[in-house]
Amino acid sequence: MPLVPQRADVPVTIDESKCIDGCTLCVDMCPLDSLAIDPASNKAYMHVDECWYCGPCAARCPTGAVTVNMPYLLR
């Protein structure tokens, strides 16, 4: 479970207001299993800080709730 509702310092952020309850599309797409579903809210969150910045999680999200925060040097 995340320590704070919305962290900005992680590679992937989830807008909980847009995240669909029970949807696991972004979780299923992550090759590192960095995303998980919070059992309390039934919404996705990033439970580890590891990310390849590959982007399928954001591309697969039907509501645009997932944002990959690409570091400046990788853009």
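Scroll up for the structure.
For clarity, every value in this text was computed on a predicted model and none was experimentally measured. (Residues numbered from 1 in each chain as written. Predicted model: local features only at pLDDT ≥ 70, side-chain atom pairs only at ≥ 80, totals over all residues. Heavy atoms only, no water.)

Just to check I follow, could you spell out the overall build of the protein for this structure?
For the protein, the helix and strand inventory stands at two helices and four strands. Each helix (α) and strand (β) of the protein, taken in turn from the N terminus, gives the series β-α-β-β-α-β. Per-residue burial for the protein yields a buried fraction of 28% across its 75 residues. Sequence-distant contacts in the protein: of pairs separated by 6 or more residues, those separated by 24 or more amount to 48%. Total accessible area on the protein stands at roughly 4,800 Å², and carbon and sulfur atoms take up 56% of it. (Helix = DSSP H or I, 4+ residues; strand = E, 2+ residues; numbered from the N terminus. Buried < 20%, exposed > 50% of the residue type's maximum accessible area, 1.4 Å probe, protein only. Contact = heavy atoms within 4.5 Å. Areas by Shrake-Rupley, 256 points an atom, 1.4 Å probe, with all protein chains shown as cover.)

Sorry, what's going on with the pairing of strand 2 (residues 35-38) here?
Side-chain positions along a regular strand alternate between the two faces of the sheet. Two elements, strand 2 and strand 3 (residues 43-46), share four bridges in a ladder whose sense is antiparallel. Across the sheet, the residue bridging to A36 is Y45, located in strand 3. Hairpin remark: strand 2 followed by strand 3, antiparallel, with four residues in the connecting loop; positive phi at N42, about 65°. (Pairing = 2+ DSSP bridges.)

Explanation requested: the nonpolar core in the structure shown.
In globular proteins that are soluble, nonpolar side chains generally tend to be buried together. If you look at the biggest cluster of nonpolar residues, it comprises 13 residues, and the most contacted ones within it are V12, I14, C26, L35, A44, C57 and V66. Where this core is concerned, the elements lending two or more residues are strand 1 (12-14), helix 1 (25-29) and strand 3. What C57 contacts, discounting residues up to four positions off in sequence, is V12, C26, M29, L35, V66 and V68. (Core = buried A, V, L, I, M, F, W, Y, C linked by side-chain atoms within 4.5 Å.)

Explain the side chain of K43 to me, please; I cannot follow it from the model alone.
Relative to the helices and strands, K43 is located in strand 3. The exposure class of K43 is buried, given its relative accessible area of 16%. Polar side-chain contacts of K43 include one of 3.0 Å to the backbone oxygen of E16. Within the local environment of K43, its side chain forms a polar contact with the backbone oxygen of C19, the two atoms lying 2.8 Å apart. Setting aside residues no more than four positions away along its own chain, K43 makes contact with E16, C19, D21, A36, I37 and D38. (Polar contact = N/O pair within 3.5 Å; in protein donor to acceptor, adjacent residues only side chain to side chain.)

Can you help me understand unusual backbone geometry in this one?
Excluding glycine, residues mostly carry a negative phi; peptide bonds, for their part, are mostly trans. The phi torsion at D33 lies on the positive side, around 55°, for a residue other than glycine. Inspection of the secondary structure assignment puts D33 in the loop between helix 1 and strand 2. With relative accessibility at 53%, the residue D33 sits in the exposed group. Residues other than glycine seldom take positive phi values, yet Y53 does so here, at roughly 55°. Summarising the element assignment, Y53 is placed in the loop between strand 3 and helix 2 (56-60). With a relative accessible area of 22%, Y53 lands in the partly exposed category.

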